[in-house]
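Inside the fold
Residues per chain are reported as follows:
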Amino acid sequence: MKHGLLIDMDGVIYSGETLIEGADRFIANLLKNDIPFTFMTNNSQRTRLDVVRKLKLLGIEVTEKHVYTSAMATGKFLGDQGENGTAYVLGEGGLITSLHENGINLVNTDPEFVVLGEGRNFTLEMVQRAVDMILAGAKFITTNQDPSPKKPGWNNLGIAATTAMIEEATGRKAFVIGKPSPVMMRSARKYLGLETAETTVIGDTMETDIQGGVQMGYKTILVLSGIAKKESLSEYAFKPDLIVGSVDQLEFPLKWW
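Residues numbered from 1 in each chain as written. Predicted model: local features only at pLDDT ≥ 70, side-chain atom pairs only at ≥ 80, totals over all residues. Heavy atoms only, no water.

1. Side note on the layout of surface pockets
The volume enclosed by the second largest pocket comes to roughly 200 Å³. Lining the second largest pocket are 14 residues; nearest its centre among them are R48, M72, T97, S98 and E101. Secondary-structure elements contributing two or more residues to the lining of the second largest pocket are α2 (48-57), α3 (70-80) and α4 (93-101). Looking at the lining of the second largest pocket element by element, the count peaks at four residues for α4. (1 Å grid on protein atoms, 1.4 Å probe; cavity = no way out; pocket = protein on both sides within 12 Å on 5 of 7 lines; lining within 4 Å. Points joined across faces, edges and corners; volume = space filled by probe spheres on them. Helix = DSSP H or I, 4+ residues; strand = E, 2+ residues; numbered from the N terminus.)

2. Observations regarding the sheet that holds strand β7 (residues 105-106)
Pairing is parallel in the open sheet, where five strands are placed in the order β7-β6-β8-β9-β10. Each having just a single partner strand, β7 and β10 (175-176) make up the two edges of the open sheet. Summarising the sheet, strand β9 (residues 139-142) and β10 pair through two bridges and their orientation is parallel. Bridging across to β10, I141 finds its partner in F175. On top of the sheet, α4 reaches β6 (86-90), β7 and β8 (113-116); it is set at about 170 degrees to β6, its chief contact. Sheet contacts for helix α5 (residues 124-135): β6, β8 and β9; angle to β6, the most-contacted strand, approximately 145 degrees. (Pairing = 2+ DSSP bridges. Contact = heavy atoms within 4.5 Å. Axes fitted to C-alpha atoms, helices over the stretch in contact; angles between N-to-C directions.)

3. Concerning the pattern of salt bridges
Applying the stated criterion across every chain yields a total of eight salt bridges. Close ionic contact of K179 with D8 constitutes a salt bridge, the shortest N to O distance being 2.9 Å. Here K179, found in the loop between β10 and α7 (182-192), pairs with D8, found in the loop between β1 (4-7) and β2 (14-15); they are 171 residues apart in sequence, far enough to count as distant. Here K179 matches D8 in class, with each residue buried. The shortest N-O distance in the salt bridge between R25 and D248 comes to 2.7 Å. A residue pair is termed long-range when its members are at least 10 positions apart, and R25 in helix α1 (residues 23-32) and D248 in the segment after β13 (242-244) qualify at 223 residues. We classify R25 as partly exposed; its relative accessible area is 46%. Linked by salt bridges that have partners in common, D8, K179 and D209 make up one network. (Salt bridge = Lys/Arg side-chain N within 4 Å of Asp/Glu carboxyl O. Buried < 20%, exposed > 50% of the residue type's maximum accessible area, 1.4 Å probe, protein only.)

4. A few points about the packing of α3 against α4
At a minimum axis separation of 8 Å, α3 and α4 run at an interaxial angle of 30 degrees. With respect to their mutual orientation, α3 and α4 come out roughly parallel. With respect to the hand of their crossing, α3 and α4 are arranged in right-handed fashion. Of the residues in α4, those touching α3 at A71, M72, T74, G75 and L78 are G94, L95, S98 and L99. (Parallel < 35°, antiparallel > 145°, perpendicular 65-115°, else oblique. Left-handed = near helix turned anticlockwise from the far one by under 90°.)

5. Some details on the sheet that holds strand β5 (residues 67-69)
Spatially, six strands are ordered β5-β4-β1-β11-β12-β13 in an open sheet, and the strand pairing comes out parallel. Here the strands that pair on one side only, and so sit at the sheet edges, are β5 and β13. The average angle at which neighbouring strand axes cross in this sheet is 25 degrees, direction not considered. The sheet contact formed by strand β11 (residues 199-203) and strand β12 (residues 219-223) spans four bridges and is parallel. Bridging from a neighbouring strand, I202 pairs with I221 of β12. Seen against the sheet, α3 touches β4 (37-41) and β5 and runs at an angle of roughly 65 degrees to β5.

In structure tokens form, the structure reads like this:
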């Protein structure tokens, strides 16, 4: 039986613009030993090429095939809903590219879907237009529900905040694609060609990576190089299969392989 990894990035491979020590050796080891993996990110703004270029600047050489984003999962999900779907998009870059690749037509009137992703270029007027479209019957999709980091100088409001604004204005709940949603967790696994028992998730957040993996029946590894703190783990009703300080401490084969 083969095994593979779904790997979060921020807090696992890098912190902001800084490589987490040993992450480059960890990825080099995966490549050397032909272990299937993909970076699984909720960020829908970046294209896969953007992600590859950022990792290269940090000393990690991978290809676009090693990247799976919430934008890709969103595009696939909408493409599977039927041919010639239409969407009004609040988002940029990777999300727009993925929707095009999956045959979704981007429109400014009477869309089947309103799709919300990260972005700094949409205006309150565009949000109000989206609200009217949802009230008129469009289905509301959001690429993820990542919160704002709530620190001065942050230049992205956070999709959770924008989603909440639209939900309150319309009285409609968004359908969320990104992790921990089973939609993305399952889609990323299938992208790697793995079965449930062959899949291991590595992440630094209990609420997204680990919760999503547990709900899907995947094995889970929590790293303490990002958000999660060991002293807070007792607050959760679920737990990871393994806890390490950073990915550089992982040894292969994993004990359940």
